[in-house]
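# A structural walkthrough
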Amino acid sequence: MKASLGRCARGVQLVTSRSLGPYQTAAVRIGLAGTWLLFLLREFPHRQLLYGPDGPWGWSMARRLIAGNDAFTLLMWSDGRLWFEAVYALAVLASALLLVGWRTRTMSVLFMVGVLSLQNRNIFVGDGGDNVVHLLAIYLVLTRCGQVWSLDARRAARAGAAGREPWADRAGPVLWAGGAAALAAVTVLGVVGWGWLLFFWTLLTGQALWWWLGRRAPDGQAYLLSDVVAHLVHNGALLVIMVETCLIYATAGWYKIQGSRWQDGTAVYYPLQLESFSPWPGISGMLAGQGLLVLVVTYGTVLTQVAFPFALLNRRAKNVLLALMMAEHLAIAVLLGLPFFSLAMIAADAVFLPTVFLLWAGARCARARAGVVRRARAVFGRGADGASGDEEPAGPARKLPVRPT
């Protein structure tokens, strides 16, 4: 009994003392924002047809649909072309800034607003990957996804090295003050449903209270309590992302079992014969002609998806199945021409990646970035005499100022 109580106490202390999975949530943030940003840039020439005034799903029809399901979208506030372009630009900008981790608390909210505004404007052009982006965009708002691999983390580290207080930052409060003014105007105009207004006001009030308590008394009990609540919200959202991913695979696997084509091992053959899902007809035809390969991939897909939630009980089994599913998504991206669906699912899968692997991948990316910067400086930093701009001048050695990292 005492051992059980001790484990429960340690578990409660773990989830209330820190925000878990900092590298996993950062990987989800980068993958999700990158996927949506690439999609927006790829569809930029067709944006008016997909979500704008030129689309077959007109503004009036969308308005009638949204009046029934109370979905959130800024594009229902006006049917003007200029307003649509502003919302699309906001979605692109928020995605790019969330990707690099600049003011992640604010950008995660704006990212969610951009995703919901565009997707809810026309729900008939999405697929399963869009549904994943839709859900993860909401969950990501509740996480502390900028703890690592972000400009926010670098700014906090430099402030700590320089001995500056983190509350001395000005840009963050200015952004939230602007958001408060916009939200107050929206509330007065009544263009957003009360459920979403309650959600946004709760986010704004919680952030303002946490900031004020930290600035006023960072060692006080009230601030410590607010930090515990933030940890709980983050860890709860992280758990929801993990459960959601498991549900996606479990339901997909069990529904496949009920299909006759999956039962006889031929289901993979038919998508390879569809012209709309064959960007490489020669490769698709060659693979479709391999009966044994089709059988193995068909049964392997079902087994992997059904077994994945249970594999979480064993770390090695989980890592093996995770690698198999990511390889499957990459194959879907190449063979079936569904890159954004695959990227969205890989972003969701990243929540299960082991921390050791993420640290290794982060170190490799940092070394690659440093190499690119060095080569760029060597090429573009040379003076007229051919000397590199990074070289020390002749004469007595200079004492360079130390810059915080």
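Residues numbered from 1 in each chain as written. Predicted model: local features only at pLDDT ≥ 70, side-chain atom pairs only at ≥ 80, totals over all residues. Heavy atoms only, no water.

## A look at helix α5 (residues 81-100)
Here α5 spans 29 Å end to end across 20 residues, near enough to the 28 Å set by a 1.5 Å rise per residue. When α5 is considered as a whole, its buried residues turn out to be Phe 84, Val 87, Tyr 88, Ala 91, Val 92, Ala 94, Ser 95 and Leu 98. Here the buried residues of α5 occupy an arc of 165° about the axis, which is enough to place them on one side. The exposed set on the far side of α5, more than 90 degrees from its buried face, consists of Leu 82 and Leu 93. Gly 101 sits one or two positions beyond α5 and adopts a positive phi of about 75°. (Helix = DSSP H or I, 4+ residues; strand = E, 2+ residues; numbered from the N terminus. Expected span 1.5 Å × (residues − 1). Buried < 20%, exposed > 50% of the residue type's maximum accessible area, 1.4 Å probe, protein only. Arc of directions from axis to C-beta.)

## Here we look at the packing of aromatic side chains
Enumeration over the complete set of coordinates arrives at 17 aromatic pairs. With a centroid separation of 5.3 Å and an interplanar angle of 70°, the aromatic rings of Tyr 23 and Trp 149 are classed as edge-to-face. Of this pair, Tyr 23 sits in helix α2 (residues 22-42) while Trp 149 sits in the loop between α7 (128-141) and α8 (151-161), placing them 126 residues apart in sequence. Between Phe 308 and Phe 352, the ring centres sit 5.3 Å apart and the planes meet at 80°, which makes this aromatic pair edge-to-face. A residue pair is termed long-range when its members are at least 10 positions apart, and Phe 308 in helix α14 (residues 291-311) and Phe 352 in the loop between α16 (339-349) and α17 (355-380) qualify at 44 residues. What makes Phe 308 buried here is its relative accessible area of 0%. Owing to a relative accessible area of 4%, Phe 352 belongs among the buried residues under this scheme. (Phe/Tyr/Trp six-rings, centres within 6.5 Å; stacked < 30°, edge-to-face > 60°.)

## Some details on empty space enclosed by the protein
Scanning the entire structure with this criterion turns up 1 cavity of 30 Å³ or more. The computed volume of the largest cavity comes to approximately 40 Å³. Around the largest cavity, the lining residues are Val 132, Leu 135, Leu 136, Glu 244, Thr 245, Ile 248 and Ala 348. Of all the secondary-structure elements, those providing two or more residues to the lining of the largest cavity are α7 and α11 (221-257). (1 Å grid on protein atoms, 1.4 Å probe; cavity = no way out; pocket = protein on both sides within 12 Å on 5 of 7 lines; lining within 4 Å. Points joined across faces, edges and corners; volume = space filled by probe spheres on them.)

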